[in-house]
Number of protein chains: 4
Amino acid sequence: MITQTDAPEQASGRPRDGRIDEAVLRATAELLVEVGYADLTWAKVASRAGTTRPALYRRWPSLAHLVHEAAFPQSLTAPFPRTGDPATDVRTMVAGALGAFAHPVARAAAPGLVAAVTADPTLHSALLARFSEALGGIEQPLLDLIAGAALFALLLHPGDLDAEPTRTAWTDRITALLTEGVTA
Amino acid sequence: MITQTDAPEQASGRPRDGRIDEAVLRATAELLVEVGYADLTWAKVASRAGTTRPALYRRWPSLAHLVHEAAFPQSLTAPFPRTGDPATDVRTMVAGALGAFAHPVARAAAPGLVAAVTADPTLHSALLARFSEALGGIEQPLLDLIAGAALFALLLHPGDLDAEPTRTAWTDRITALLTEGVTA
Amino acid sequence: MITQTDAPEQASGRPRDGRIDEAVLRATAELLVEVGYADLTWAKVASRAGTTRPALYRRWPSLAHLVHEAAFPQSLTAPFPRTGDPATDVRTMVAGALGAFAHPVARAAAPGLVAAVTADPTLHSALLARFSEALGGIEQPLLDLIAGAALFALLLHPGDLDAEPTRTAWTDRITALLTEGVTA
Amino acid sequence: MITQTDAPEQASGRPRDGRIDEAVLRATAELLVEVGYADLTWAKVASRAGTTRPALYRRWPSLAHLVHEAAFPQSLTAPFPRTGDPATDVRTMVAGALGAFAHPVARAAAPGLVAAVTADPTLHSALLARFSEALGGIEQPLLDLIAGAALFALLLHPGDLDAEPTRTAWTDRITALLTEGVTA
DNA sequence: CGGTAAACGAGACGGTACGTCTAGTCTTCCT
DNA sequence: AGGAAGACTAGACGTACCGTCTCGTTTACCG
């Protein structure tokens, strides 16, 4: 939850209504899939969640922050078990990255978030924090390759990653390239 | 040049003023660097180019189309010479991808274009056409890895790719991973 | 007509749509009577006139300016004929002031305009200009007495000036006080 | 004091803090002069008085009620001594009306109250009650003339009533008109 | 002396209006 | 016909206020 004030802090004043937070996140996820990031507005989210725009402004500093929280809940950002075998672990990571980005909500959100992250340092930090747990211990260039490939593929030829024969083929080929290199 | 009507079109009536096209592309490139994609508007471009919004609408179907043309002129999308040696060619491609994305204008434009591409099929086609020449003959998964890694790295830790010791180090490591695999 | 630019100025660009001006003034007058000054908003006026808020902002610098123009059209602010006989002329002026302020639209607008005038010098000037023609040649204190009495009476005991026996009685008494003084 | 419930009310529960009432009235008077009626808000008053908005809502039903109480304390609404001589008494009343409206706080409050009175019957009653004592026994048309003239003059040409030669001149002329009539 | 009731501060609640901005289109005159 | 200028509809933006509410706490009176 991205609150203006991060500390749990002894609540003074009327407490936030937690049901609003839930309803808004749910509405955001639904709308991302239905209308896409580009046509997502504060007003639509507020209306769908049964609340008003000011209540959203109180909670999230920008639409992108809200989207980022709605698209990548904790369940998707849990760390994965590692075996120690490079080939196995790389395949797990590739499949994991693909799975995270291929989720309908994340997929609708990702391109817009990519653009927003470059323009907003606070969003950059929020995203890093959200994924740091899942990705601890992986060297940066390898992470760039795996996450970048999944993201790029979904942007440029999403059809290949939707249906099954080609999806596994792509995962296999990426894994092979990363474990054995192009020379093989 | 992306015109509403692609045919060479028999010029009837007053011909377009070519100097406007140039001035607009120059203005767009400058503004991308100065204010960023998110704050780029038709009005700012028109004002900087010394013309009016309707003249721009006559030429480009959307801001993204204009940006894509301003950010990736032909000079950046030329094919590269190949040696046949995998290691050498991979390094050339990695460096090329990094170079293309690291150019200040492209860098400002890329994230926004990524978002726009997913929402506009005509822009998707235009981008593919623009890069198809340079990238002919490369297998898709390898392209995903190289371009994706460059894009992703620029989004997440741009500092590493700006200055020199780390930039070459990153290029080296990516090349090594792609030619020899993680096992090495 | 209160335009941002008062000069008739050789129109460059698309000219204003005069039908919008008319529709807005009509809508404003109607709404003043129906909902009152306090509940009059740009949005309601625009909606009733079949146009949008930006079209109004282009024409009037504030709601009060629009109201002032809608409530006191030229027809109400024409100069009156004078006979030279003090008693007759004073009665004409008293009845005229009462008539101008008692008109349903003016009556709904007046109290709000009174408040707005003190806070906005440009509105002050606009109001003076609008009435200067009708009231030329009358000494200031006499004008204060006549207009002030009509305004004050409408604010404090409007019932007396609505129906007929009392309305004429009030006009007679005011005229008598001003022509003969309290001593009579 | 305008309380929600007028009865002296059997005090059960924690009693009101009288210091808050004083601080609020003082803060309101100051703010009226500093920012004007139009920009006066509950929040500014509460903040200046060192309290919170709910404490104000508990005491006054509307901002206008609070303003009316802050701008016209009892000291200003005391009855005046009458001599029986019309000329003298009229002059006293004119000067009194001018004095009451010319006080900086009253002056800032009056135009806004004029507007609020027409929209709120309870405020209308409250104002009448406040002034009834001072003005008992004066015929309504004469009161309209005197109070109306003072109010109107302050709205339209306030400069004339601020400095001294013109202020006395205005008072003299109004008195003359009311005692002898225009014919003189 | 404990219970009750209403005050207190703090701040979120649903609403509504504001004034501005942008997109995309259209209309006018001029070249 | 294209260009320059500027108005058009439509609607999102972020902010400000309103009047109400929900807390946790404090202060009086009452039994």
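Chain A is annotated in an unreviewed UniProt entry as TetR/AcrR family transcriptional regulator from Nocardioides marmoriginsengisoli.

J.: Mind laying out the overall build of chain A, listing which residues take part and the relevant values?
T.: Scanning chain A from N- to C-terminus turns up nine helices and zero strands. The linear arrangement of helices and strands in chain A, starting from the amino end, is α-α-α-α-α-α-α-α-α. Principal axes of the C-alpha set define a box for chain A whose edges measure 65 × 35 × 25 Å. Out of the 184 residues belonging to chain A, those deemed buried represent 47%. Total accessible area on chain A stands at roughly 8900 Å², and carbon and sulfur atoms take up 58% of it. Computed over 15 positive and 20 negative side-chain charges, the inter-centroid distance for chain A is 10 Å.

J.: Quick one: what's the story with the domain arrangement of chain A, residue by residue and with numbers?
T.: Residue and element names in this part refer to chain A. Per the domain assignment, the segments making up chain A are domain 1 (18-71) and domain 2 (75-180). The C-alpha centroid of domain 2 is placed 24 Å from the C-alpha centroid of domain 1. Across the boundary between the two partners, domain 1 contributes twelve residues, which contact 15 residues of domain 2. Together domain 1 and domain 2 conceal approximately 1100 Å² of surface at their shared face, both sides included; 74% is due to carbon and sulfur atoms. Between the two partners, domain 1 and domain 2, sit zero salt bridges. Summed over the shared surface of domain 1 and domain 2, the number is two residue pairs in polar contact (both at pLDDT 80 or more). At the level of elements, α1 (18-35) and α4 (63-71) are the ones that each hand at least two residues to the side of domain 1 that touches domain 2. Sorting elements by how many residues they give to the side of domain 1 that touches domain 2 places α4 first, with seven residues.

J.: Give me the lowdown on the packing of helix α6 (residues 104-119) of chain C against helix α7 (residues 121-132) of chain C, citing residues and values where you can.
T.: All names here are of chain C. Running from amino to carboxyl end, α6 crosses α7 at an angle of 120°, the nearest separation of the two axes being 5 Å. When the axes of α6 and α7 are compared, the pair comes out oblique. The chirality of how α6 crosses α7 is left-handed. Contacts between α6 and α7 involve L113, A116, V117 and A119 from the first element and P121, L123, H124 and L127 from the second. The residue inventory of the contact of α6 with α7, partitioned by class, reads seven nonpolar, one polar and no charged.

J.: Provide a residue-level description of the relation of the copies chain D and chain C, including the pertinent values.
T.: Rotating chain D by 179° and moving it 0.0 Å along the rotation axis overlays it on chain C with an RMSD of 0.2 Å. Such a combination of rotation and displacement between the chain copies is what one expects of a two-fold axis. Looking at the rotation axis and the C-alpha trace of chain D, the residue lying nearest is G148 of chain D, at 1.9 Å. A share of 100% of interface residues in chain D that are also interface residues in chain C marks the association as one of identical surfaces.

J.: Could you give an account of the nonpolar core, with specific residues and numbers?
T.: Grouped together as the largest cluster of nonpolar side chains are 84 residues, with contacts concentrated most on W170 and L178 of chain A together with L178 of chain B. When residues no more than four places from it in sequence are discounted, the contact partners of L178 of chain B are L145, L177, L178, G181 and V182 of chain A together with V90, V94, L142, L145 and I146 of chain B. Counting residues in each nonpolar core, the second largest holds 56 residues, with A147 of chain C together with L145, F152 and I174 of chain D among its members.

J.: Break down the interface of chain B and chain A for me, citing the residues and quoting the values.
T.: Each side of the interface is counted separately: chain B has 36 residues, and chain A has 36 residues. Across the chain B/chain A interface, buried area totals approximately 3100 Å², and carbon plus sulfur atoms make up 75% of it. Among the residues of chain B in contact with chain A, D144, L145 and F152 of chain B are the three that bury the most area, contributing 18% of the side total. Seen at the junction of chain B and chain A, the total is two salt bridges. Note that E139 of chain B and R173 of chain A form a salt bridge whose closest N and O atoms lie 2.6 Å from each other. Where chain B touches chain A, the interface holds twelve residue pairs in polar contact (both at pLDDT 80 or more). Mapped by element, the contributors of at least two residues to the side of chain B that touches chain A are α5 (86-102), α6 (104-119), α7 (121-135), α8 (140-156) and α9 (164-180) of chain B. At 14 residues, the largest contribution of residues to the side of chain B that touches chain A is made by α8 of chain B.

J.: Go over the environment of V90 of chain D, please, and point to the residues and values.
T.: All names here are of chain D. Examined against the element boundaries, V90 turns out to sit in helix α5 (residues 86-102). Assessed through its relative accessible area of 3%, V90 is described here as buried. Through-space distance from the C-alpha of V90 to that of L178 is 7.6 Å; in sequence the pair is 88 residues apart.

J.: Which residues make up the pattern of salt bridges, and what values do they have?
T.: Residue and element names in this part refer to chain B. Evaluated as defined, the whole model comprises 27 salt bridges over all chains. Linking E30 and R48 is a salt bridge whose minimum nitrogen-to-oxygen distance equals 2.7 Å. Of this pair, E30 sits in helix α1 (residues 18-35) while R48 is found in helix α2 (residues 42-49), placing the two residues 18 residues apart along the sequence. Of the residues examined, E30 reaches a relative accessible area of 33% and is grouped as partly exposed.

J.: Please provide a residue-by-residue account of the protein's contact with DNA strand E, values included.
T.: Of all residues adjacent to DNA strand E, which total 44 residues, the nearest are R58 and R59 of chain A, W42 of chain C together with R58 and R59 of chain D. The sugar and phosphate moieties of DNA strand E supply 65% of its atoms located within 4 Å of the protein. In the model, a base oxygen of DNA strand E is placed 2.9 Å from a nitrogen or oxygen of the R14 of chain C side chain. In the model, a sugar or linking oxygen of DNA strand E is placed 3.2 Å from a nitrogen or oxygen of the R14 of chain D main chain. Contributing elements (two or more residues each) for the surface near DNA strand E: α3 (53-59) of chain A, α3 (53-57) of chain B, α2 (42-49) and α3 (53-59) of chain C together with α3 (53-57) of chain D. It is α3 of chain A that contributes the most residues to the surface near DNA strand E, five residues altogether. For the surface near DNA strand E, the class distribution of residues is 17 nonpolar, eleven polar and 16 charged.

J.: Describe the relation of the copies chain B and chain A, and please don't skip the residues or the numbers.
T.: What connects the two chain copies is a rotation about an axis and a shift along it. Expressed as a screw operation, the relation of chain B to chain A combines 0.1 Å of axial shift with a rotation of 179°, fitting to an RMSD of 0.2 Å. The fraction of interface residues of chain B whose copies in chain A are also interface residues reaches 100%, indicating that both copies meet through the same surface.

J.: An account of the packing of aromatic side chains is needed here, citing residue identities and associated values.
T.: Counted by the stated rule, this structure contains eight aromatic pairs over all chains. Consider the rings of W42 of chain A and Y57 of chain A, whose centres lie 4.8 Å apart with planes at 45°: the pair is tilted. One end of the pair, W42 of chain A, is in helix α2 (residues 42-49); the other, Y57 of chain A, is in helix α3, and 15 residues separate them in sequence. A relative accessible area of 13% places W42 of chain A in the buried class. Seen in terms of ring centroids, F72 of chain C and F131 of chain C are 5.2 Å apart; in terms of plane orientation they differ by 70°. Their pairing is edge-to-face.

J.: How would you explain the interface of chain D and chain C if you had to name every residue and give the values?
T.: Listed by partner, the interface residues are 35 residues for chain D and 36 residues for chain C. Of the roughly 3200 Å² buried at the junction of chain D and chain C (both faces included), carbon and sulfur atoms supply 75%. The largest per-residue losses of area from chain D upon contact with chain C belong to D144, L145 and F152 of chain D, which jointly make up 18% of the total buried on that side. Inspection of the chain D/chain C interface yields two salt bridges. At 13 residues, the largest contribution of residues to the side of chain D that touches chain C is made by helix α8 (residues 140-156) of chain D.

Here is what the cut-offs are and how they apply
- Residues numbered from 1 in each chain as written.
- Chains lettered and ligands numbered in written order.
- Predicted model: local features only at pLDDT ≥ 70, side-chain atom pairs only at ≥ 80, totals over all residues.
- Heavy atoms only, no water.
- Helix = DSSP H or I, 4+ residues; strand = E, 2+ residues; numbered from the N terminus.
- Buried < 20%, exposed > 50% of the residue type's maximum accessible area, 1.4 Å probe, protein only.
- Areas by Shrake-Rupley, 256 points an atom, 1.4 Å probe, with all protein chains shown as cover.
- Lys, Arg positive; Asp, Glu negative; His and termini not counted.
- Charge placed at Lys NZ, Arg CZ, Asp CG, Glu CD.
- Domains from an automatic or database assignment.
- Contact = heavy atoms within 4.5 Å.
- Buried area = accessible area lost by both parts, 1.4 Å probe.
- Salt bridge = Lys/Arg side-chain N within 4 Å of Asp/Glu carboxyl O.
- Polar contact = N/O pair within 3.5 Å; in protein donor to acceptor, adjacent residues only side chain to side chain.
- Axes fitted to C-alpha atoms, helices over the stretch in contact; angles between N-to-C directions.
- Parallel < 35°, antiparallel > 145°, perpendicular 65-115°, else oblique.
- Left-handed = near helix turned anticlockwise from the far one by under 90°.
- Nonpolar A, V, L, I, M, F, W, Y, C, P; charged D, E, K, R; others polar.
- Least-squares fit on C-alpha atoms with pLDDT ≥ 70 in both.
- Core = buried A, V, L, I, M, F, W, Y, C linked by side-chain atoms within 4.5 Å.
- Near = heavy atom within 4 Å.
- Phe/Tyr/Trp six-rings, centres within 6.5 Å; stacked < 30°, edge-to-face > 60°.

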